[in-house]
Amino acid sequence: MKQLTIHIPDAKFQYVIDLLSNLSFVKIDNPKEKFIITEEQKALVNEERRKIKENPGYLLNWDDVKHQLIAD
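1. Re the overall build of the protein
Point 1. In terms of regular secondary structure, the protein is built from four helices and zero strands.
Point 2. Secondary structure elements in the protein, listed N-terminal to C-terminal, are α-α-α-α.
Point 3. For 72 residues, the compact-globule estimate of 2.2 N^0.38 gives 11 Å, and the protein exceeds it by more than 25% at 21 Å.
Point 4. C-alpha extents for the protein along the principal axes are approximately 55 × 30 × 20 Å.

2. Digging into the pattern of salt bridges
Point 1. Going through the model one piece at a time under the given rule, you end up with five salt bridges.
Point 2. Here Arg50 makes a salt bridge to Glu54, at a shortest N to O gap of 2.7 Å. Here Arg50 pairs with Glu54, and both are found in helix α3 (residues 39–54), just four residues apart, close to one helical turn.
Point 3. Residue classification places Arg50 among the partly exposed residues on the basis of a relative accessible area of 35%.
Point 4. In this structure, the salt-bridge partner of Asp63 is Lys66, at a minimum N-O distance of 3.9 Å. Taken together, the residues Asp63 and Lys66, both in helix α4 (residues 62–71) and three residues apart, mark about one turn of the helix.

The rules behind the values
Residues numbered from 1 in each chain as written. Predicted model: local features only at pLDDT ≥ 70, side-chain atom pairs only at ≥ 80, totals over all residues. Heavy atoms only, no water. Helix = DSSP H or I, 4+ residues; strand = E, 2+ residues; numbered from the N terminus. Rg over C-alpha atoms; globule rule 2.2 N^0.38 Å. Salt bridge = Lys/Arg side-chain N within 4 Å of Asp/Glu carboxyl O. Buried < 20%, exposed > 50% of the residue type's maximum accessible area, 1.4 Å probe, protein only.

Written out as structure tokens, the structure is:
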């Protein structure tokens with residue numbers, strides 16, 4: 001079985017899904033079911049965002065991290 005990823009404008013999304021759903025050989029995975037974010041996860045992200053806003057130095061510089069990973 002082959003898989004295909006397509007990018008559809010929001011305004012046409014439901015139309016395309018309805019069209020494809022009528023084809024018996026097409027299986028449509030519902031991405032909303034795959035990526036459920038819990039309230040606890042949202043709270044963790046919001047806490048990290050708060051820390052970054054209060055202290056921008058909280059973030060690590062990507063070049064420093066990359067060099068350290070290469071060195072290890």
